[in-house]
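Per-entry structural report
Each chain, letter by letter, is given below.
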Amino acid sequence: MDALIAPLLNGSAQGALLLLAALGLSLTFGQMGVINMAHGEFLMIGAFTAYLVQQVIASSDLSIPVALPVALVVAGLFGLLLEVTVIQWMYRRPLDTLLVTVGVSLILRQAALQIFPSQGVPVEKPGWLDGQLNILGYEWPLRQLFSILLAAVCVAALAAWLKYTSFGRRIRATVHNRDLAETSGISTRTVDRLTFFAGSGLAGVAGVAASLIGGTNSQMGVQYIIAAFLVVAAGGIGQLKGTIIAAWAVGVTLSYFAYWTTGSLAQVLAFILVIVFLQLRPQGLVTVRTRSLV
Amino acid sequence: MTKSKPWISLSGIGLFAVLLLAVAPLVLTDHWLNNLGKYCCWAIAAVGIGLAWGRGGMLVMGQGVFFALGAYSMAMHLTLETAGDRIPGFMVLYDPLAPLPVFWEPFRSTGFTLLAIVLLPVLLASSLGYALFKRRVKGAYFAILTQALAVALATLISSTIRETGGDTGLSDFKYFFGFVLNDPANKRMVYLIAAALLIVCLFAVWQLYRSRFGELLVATRDAEERVRFLGYDPANVKLVAFVVSALMASIGGAMFVPIVGIITPAEIGAAASILMIAGVAFGGRASLFGPALGAIAVGWGQSSLGSTWPDGWTYILGLLFIVVILFLPNGLSSLPARFTAARRSPDRQPAPAIVAAELEEARP
Amino acid sequence: MTDASLVVTDLHVEFSGFVAVGGVSFDAHPGEVRFLIGPNGAGKTTCIDAITGLTRATGSARLGGKELLGRPVHKIVRLGVGRTFQTASVFDELTVLQNLDIAAGRHRRSASLLRARRGTDGSIEQALEETGLAGEFATPSGILSHGQKQWLEIAMLLVQDAKVLLLDEPVAGMSQDERTATGELLQRIAAKRIVLVVEHDMDFMRRFATRVTVLHQGRVLSQGAVAEVQADPKVQEVYLGTAGAATTAAMSVVPEAAAGTHQRKED
Ligand SMILES: Nc1ncnc2c1ncn2[C@@H]1O[C@H](COP(=O)(O)OP(=O)(O)O)[C@@H](O)[C@H]1O
Ligand SMILES: [Mg+2]
């Protein structure tokens, strides 16, 4: 029974982390067309923020709930800075944003390596996450459930924000038709910045969750960025529902593969699976067909 | 345009050949000649990236994979050659009775190894490219997928210590197809082979760029859908460029092994693949000489600064990406054209990318 | 009706429920300059998209008896169907000659692609003469004037040796003289090929059309010779809201600047 249940539950938690990492990406890539390879490092920033908050608030019971909004703001500000200094000049060259942000991610990673101990820092798990939940005989760590709940909250908040707030409406209008939005008085500059802030902030939140599950070190962003991007792509651009399903599917699949084979073989298998998926459902990954040619 | 003056680019390649094959061996110490050989291997891969990315618009972020195919094919052969009839040392380390893994066996043969260096990348790139291009996967998706493959392969190698040497990689090669690698004269020969292969690759892309295929490739890069309406299948055009670039990466990888003497997953993973891109971006992605020169420059930075001042080097590399892509998307090679364009008519826009690149080709 | 005709029957295109083209039928033959007109959004471009495989459609579009619908774009082109686009799309970074050379390429063997170009094909020189671009062969096509780009596109279709030329607003943005030159060019071309022109400009249509199909909201409103169509009260109503004869001014509508309306996310 464990063999079936354990990968399912672990995979779901892993999928939730992926979803958290992918949410921000899907916002910046899906809505703005920017491929931010430093997104993983924003996640790392979130995790280090959790550590720093713990240095101030010793009680981990309290520090993690505090760290969540703080990480959102800190990572968001980094994102904003990136948008203002670099990205805003590159909206017409989406593929090049990928390379520029590769440079940014190298620098952030190196900075983290020099500021913090190279082996990483410990983030204390709050006491209320210590227990296990017995699911059909499998002792499921509560912190995994926490990731899932956190992802659910973030998805709901993002969806509500996009749907009901005026900023959200402006974002959707800008995505739909940038020129029209501009002529109808929406400052697309402000919208771009806000979108980038929110997307990067979500990475920060994801980082706090990641710090509770894995290690917090300068390399942690690398693990997430590619998987998160594949999730966004497979889910379909700008499709919140698709992203959720894709994240869960990738998380669970990886988890089963890893259970049956080894973690590294699982990665290769997952890659092959994505290619096969492309053959079956290219819509998930293909540019929307339009009539304009260039 | 290059059309009218093919001899200018050709003499550029000639000059390059003289510098690498005649001057360098005379003026450089053995140590630096060996280093230059290493940069040449990266440059060979870079020339292929220039073809796929600069001219074809396919951002290949996982060339490490093809580099690995060549490198590990060569390394397995050299390991077996060194071990002779015995099982390679690192395998016995974990299990004294370990049999040789099945996939190692054919690499005893010189012919098979050389064939593998050529055929493995061609097979992988054509099946991967076919699957992706026919489905119109492009842009960032293509880039990320290739990078994902590099990550996956590096992880796979890291975790299979018994079969591939894992993170410590394969090293301690004594012979190179019968030649003793310790002998400086043989080292020199290996360098000369790598440099000559670089010249051959430059010559090959020079011919590709001036051919009708080269024009078609640029057309496909700039307006893929439009090419379709001229009766071509852009997937095939891109496939050819991608496969050739994969082959070049594999050749670079194969020569890397006898020159450097070790191959590890770190040399082929995501970071290594990005390093290969860095040189191409720096030198000028769409130009003939830019990728090779850029790769040599970045290679030099990597092995000198990278070892004496590793922290600083990472920052430099990061800044290099940001500054070059932001301000000089066509790399250093577009500088002369920009400069002359600005001088001729100060208020006119800089020449478009390819024109700039071709202008650069005209003055190597 | 000859074997070489383009016959479209009951063409139907839907965009997630919205019927852009709802059962359009027409035919076009070599020797006539065939016009497809209609107000903005009538579905003219969509008809061409469907015939050339860019947009999925039901119904039938046959060229010389061969069904075009359902084939991939490049295969349809290889059957001899060529088109231009509402926004001129040529390879800006390549010269006029290089553009034409690529267009001529589909008749070449793949191996010859690996050689550099030596000299110019006869068909290319002919097309350059025909379209008046002979003096511009070495110009990067990105810096051509708007009208010249349209001509280059037509020249590309000529060297491609397309049997059917589907031209989407070929005179949009051209001066009066350029329009006349284009019209005459089309008449010459039409002698041996099928020429189907999508236009807004009634004046241009009146001067050069042999037969006309008027589309309105995805359906054929009227069909026939220029005079017949012009006399059709339904057509006058659509174009003017009232019956009236002096159409020219109202009809030289601004070309639809299609750029920017359908923005692509990723490239
Ligand atoms: N890709 C598309 N998605 C949704 N609607 C479309 C698409 N292409 C065209 N349409 C709609 O189909 C109708 C016909 O468009 P079109 O063929 O461009 O008209 P015309 O060329 O006659 O001006 C228009 O209402 C247009 O908005
Ligand atoms: Mg139209």
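This one's a predicted model, so the numbers in the text were calculated from it and none came from an experiment. (Residues numbered from 1 in each chain as written. Chains lettered and ligands numbered in written order. Predicted model: local features only at pLDDT ≥ 70, side-chain atom pairs only at ≥ 80, totals over all residues. Heavy atoms only, no water.)

**So, a positive patch on the surface**
Among the surface-exposed residues, C:K66, C:R71, C:K75, C:R78 and C:K163 lie close enough to one another that they form a single positively charged patch. Looking at where C:K163 falls in the secondary structure, it is placed in the loop between α5 (146-159) and β7 (164-168). (Patch = residues over 30% accessible without salt bridge, like charges linked within 9 Å, V, L, I, M, F, W, Y side chains within 5 Å. Areas by Shrake-Rupley, 256 points an atom, 1.4 Å probe, with all protein chains shown as cover. Salt bridge = Lys/Arg side-chain N within 4 Å of Asp/Glu carboxyl O. Lys, Arg positive; Asp, Glu negative; His and termini not counted. Charge placed at Lys NZ, Arg CZ, Asp CG, Glu CD. Helix = DSSP H or I, 4+ residues; strand = E, 2+ residues; numbered from the N terminus.)

**Structural notes on the domain arrangement of chain C**
All names here are of chain C. Domain annotation of chain C identifies domain 1 (1-80 + 163-185 + 195-223 + 243-250) and domain 2 (91-162). When each unit is reduced to the centre of its C-alpha atoms, the spacing between domain 1 and domain 2 is 24 Å. Of the residues lining the interface, 16 residues belong to domain 1; the matching set on domain 2 comes to 13 residues. Summing the contributions of domain 1 and of domain 2, the shared interface buries around 1100 Å²; its carbon and sulfur component is 68%. Counting across the interface, domain 1 meets domain 2 through zero salt bridges. Across the contact surface, domain 1 and domain 2 share two residue pairs in polar contact (both at pLDDT 80 or more). In terms of residue class, the side of domain 1 that touches domain 2 is made up of nine nonpolar, three polar and four charged. (Domains from an automatic or database assignment. Contact = heavy atoms within 4.5 Å. Buried area = accessible area lost by both parts, 1.4 Å probe. Polar contact = N/O pair within 3.5 Å; in protein donor to acceptor, adjacent residues only side chain to side chain. Nonpolar A, V, L, I, M, F, W, Y, C, P; charged D, E, K, R; others polar.)

**Remarks on the UniProt feature "transmembrane region" (unreviewed entry) in chain A**
Residues and elements named next belong to chain A. Here, the residues flagged by UniProt with the feature "transmembrane region" (unreviewed entry) are residues 12-30, 42-60, 66-86, 98-116, 144-162, 194-213, 225-250 and 257-280. Taken end to end, residues 98-116 is 95% helix and 0% strand, and its first and last C-alpha atoms sit 26 Å apart. Within the segment residues 194-213, helix and strand shares are 100% and 0% respectively, and the terminal C-alpha atoms sit 29 Å apart. (UniProt positions renumbered as here; feature names shortened; annotations may be inferred.)

**Regarding the coordination of the magnesium ion (ligand 2)**
Residue and element names in this part refer to chain C. At the metal site, the magnesium ion (ligand 2) is ligated by T45 (OG1) and Q86 (OE1), and these contacts range over 2.0 to 2.4 Å. Linking T45 in helix α1 (residues 44-51) with Q86 in the loop between β6 (81-83) and α3 (96-104), this pair joins segments that are 41 residues apart in sequence. Classification of T45 by relative accessible area gives buried; the value is 11%. The exposure class of Q86 is buried, given its relative accessible area of 13%. (Donors = N, O, S within 2.8 Å, 3.2 Å for Na, K, Ca; no water. Buried < 20%, exposed > 50% of the residue type's maximum accessible area, 1.4 Å probe, protein only.)

**Examining the sheet that holds strand β2 (residues 18-28) of chain C**
For sheets, the rule is that strands pair by backbone hydrogen bonds, running either parallel or antiparallel. Residues and elements named next belong to chain C. Pairing is antiparallel across the open sheet formed by four strands, whose spatial order is β2-β1-β4-β5. The outermost strands of the open sheet, each flanked by one partner alone, are β2 and β5 (66-67). Lying over the sheet, α1 contacts β1 (6-15), β2 and β4 (58-63), oriented at roughly 110° with respect to β1. (Pairing = 2+ DSSP bridges. Axes fitted to C-alpha atoms, helices over the stretch in contact; angles between N-to-C directions.)

**Some thoughts on the packing of helix α2 (residues 39-56) of chain A against helix α9 (residues 220-235) of chain A**
Residue and element names in this part refer to chain A. Viewed as axis vectors pointing N to C, α2 and α9 meet at an angle of 135°, and their least axial separation amounts to 7 Å. Here α2 lies oblique to α9, going by the angle between them. As for the relative orientation of α2 and α9, their crossing is right-handed in sense. Mapping the contact onto sequence places H39, G40, E41, L43, M44 and A47 in α2 and M220, G221, V222, Y224 and I225 in α9. Partitioned by chemical class, the residues of the contact of α2 with α9 number seven nonpolar, three polar and one charged. (Parallel < 35°, antiparallel > 145°, perpendicular 65-115°, else oblique. Left-handed = near helix turned anticlockwise from the far one by under 90°.)

**Topic: the side chain of A:T195**
All names here are of chain A. Its place among the elements puts T195 in helix α8 (residues 188-213). Polar side-chain contacts of T195 include one of 2.6 Å to the backbone oxygen of V191. Filtering out sequence-adjacent residues up to four positions away, T195 remains in contact with L27, T28, Q31, M32 and I171.

**Regarding the environment of B:P184**
Counting through the fold element by element, B:P184 comes out in helix α8 (residues 184-210). For B:P184 and B:H31, which are 153 residues apart along the polypeptide, the C-alpha to C-alpha distance reads 9.8 Å.

**Describing the pairing of β2(C)**
Residue and element names in this part refer to chain C. Where β1 lies against β2, eight bridges are found, and the strand directions are antiparallel. What sits directly across from V7, in β2, is D27. Count of turn residues in the β1/β2 antiparallel hairpin: two residues, of which S16 carries a positive phi of about 35°.

**With respect to the pattern of salt bridges**
Residues and elements named next belong to chain B. Considering all chains together, one arrives at 26 salt bridges over all chains under this definition. Ionic pairing is found between D222 and R221, a salt bridge with its closest N-O pair at 2.9 Å. For D222, a relative accessible area of 27% gives the class partly exposed.

**Quick word on the pairing of strand β9 (residues 211-216) of chain C**
Residue and element names in this part refer to chain C. Bridge count for strand β3 (residues 33-37) against β9 is four bridges, and the pairing is parallel. Its bridge partner lying in β9, L36 is registered against T213. In terms of strand pairing, β9 meets strand β10 (residues 219-225) through six bridges, oriented antiparallel. From the neighbouring strand, T213 faces β10, where its bridge partner is Q223.

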